[in-house]
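For reference, the chains in residue letters:
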Amino acid sequence: ADLLRAVSHDIRTPLTGIVGATNVLLEQDGTLTQEQREQLLRSTNEDAQWLIRIVENLLSITRIGSDQAELAKQPEPAEEVLAEAAQKARKRLPDIKFSVEVPDDLLMVPMDPILIEQVLSNLIENAATHGVTTTAIHLSVKETEDGFAAFSVRDNGRGIPPSLLPHLFDYSIRHASTPTGDGKRNMGLGLSVCSAVVKAHGGRLTARNHKDGAEFIFCLPVSKEESI
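1. Structural notes on the pairing of strand β4 (residues 136-143)
Strand direction decides the pairing type here: strand β2 (residues 97-101) and β4, joined by five bridges, are parallel. When the bridges of β4 are listed, lysine 97 appears paired with alanine 136. Of the pairings in the sheet, the one linking β4 to strand β5 (residues 148-155) comprises seven bridges and is antiparallel in character. Opposite glutamate 143, over in β5, you have alanine 149 as the bridge partner.

The structure is reproduced here in structure tokens:
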């Protein structure tokens, strides 16, 4: 119930935008210029895509059930999951330059690839939206000395406000911190889903600022016996 009440604002905002834009198109189409018409259609498309991402996050929550849920993990090539997320992001965010760095040797990681791709998608969306000045995102994966696959999403944006860092993955606190404004700018649900998915895989998600922006890193155990 708490989750539904919290997410209702994020759903209502794009729906209101879609209804408003389509009402204008239906009622005033004869007076609109081609540029105005295209802008309304573009806005409607963006709102619809945002709703799809919200639904995907809610579906991820239902798949997890709880942090203690047992996932059907199978060894997957980390490079392929990263490449797939990057390919989709390039289509969705054509104005941002993406770079990908992977190890020379094949890195197999036990995971649910759909959920991990959702984590990467959320982190990329967060970097693009909340980085504000983000023009480049670097994705990478490498195996650590202690037996984990470390995935990184690093941007060149304005960084994470220090006041948000302690509660970055707490959706209720993130949502309460911005009771007004554009719901589409709030990625609290997406980040909390990231945290829940990574924890369900026995891993850990962290965030930090660097001199040129922000970086999110999540580590997944390479061996099924390892966990954080």
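2. A short note on the packing of aromatic side chains
In this description, a pair of aromatic rings is defined by centroid distance and the angle of the planes. Counted under the stated rule, the structure contains two aromatic pairs. Taking the centre distance of 4.8 Å and the plane angle of 5 degrees together, the rings of phenylalanine 151 and phenylalanine 218 count as stacked. Of this pair, phenylalanine 151 sits in strand β5 while phenylalanine 218 sits in strand β7 (residues 213-221), placing them 67 residues apart in sequence. We classify phenylalanine 218 as buried; its relative accessible area is 0%. With centroids separated by 6.3 Å and ring planes inclined at 70 degrees, the aromatic side chains of phenylalanine 169 and phenylalanine 216 adopt a geometry described as edge-to-face. Taken together, the positions of phenylalanine 169 in the loop between β5 and α5 (171-176) and phenylalanine 216 in strand β7 put the pair 47 residues apart, joining distant regions of the chain. In this structure phenylalanine 216 comes out as buried when scored by relative accessible area, which is 2%.

3. Remarks on the side chain of aspartate 155
If you trace the backbone, aspartate 155 turns up in strand β5. A distance of 2.8 Å separates a polar atom in the side chain of aspartate 155 from the backbone nitrogen of glycine 157. With sequence-adjacent residues up to four places away left out, aspartate 155 is seen in contact with Ala127, Thr134, Ala136, Ile137, His210, Asp212, Gly213 and Ala214.

4. So, the pattern of salt bridges
Overall, the coordinates contain six salt bridges when judged by the stated rule. Between lysine 88 and glutamate 84 there is a salt bridge; the shortest N-O distance is 3.8 Å. One end of the pair, lysine 88, and the other, glutamate 84, are both in helix α3 (residues 78-92), four residues apart, so they sit about a helical turn from each other. Looking at glutamate 84, the relative accessible area reads 31%, which means it is partly exposed. Residues arginine 92 and glutamate 125 are paired through a salt bridge, measuring 3.0 Å at the closest nitrogen-oxygen approach. With a gap of 33 residues between them, arginine 92 in helix α3 and glutamate 125 in helix α4 (residues 113-130) connect regions that are remote in the sequence. Among the residues examined, arginine 92 registers a relative accessible area of 23% and is labelled partly exposed.

Cut-off values and rules
Residues numbered from 1 in each chain as written. Predicted model: local features only at pLDDT ≥ 70, side-chain atom pairs only at ≥ 80, totals over all residues. Heavy atoms only, no water. Pairing = 2+ DSSP bridges. Helix = DSSP H or I, 4+ residues; strand = E, 2+ residues; numbered from the N terminus. Phe/Tyr/Trp six-rings, centres within 6.5 Å; stacked < 30°, edge-to-face > 60°. Buried < 20%, exposed > 50% of the residue type's maximum accessible area, 1.4 Å probe, protein only. Polar contact = N/O pair within 3.5 Å; in protein donor to acceptor, adjacent residues only side chain to side chain. Contact = heavy atoms within 4.5 Å. Salt bridge = Lys/Arg side-chain N within 4 Å of Asp/Glu carboxyl O.

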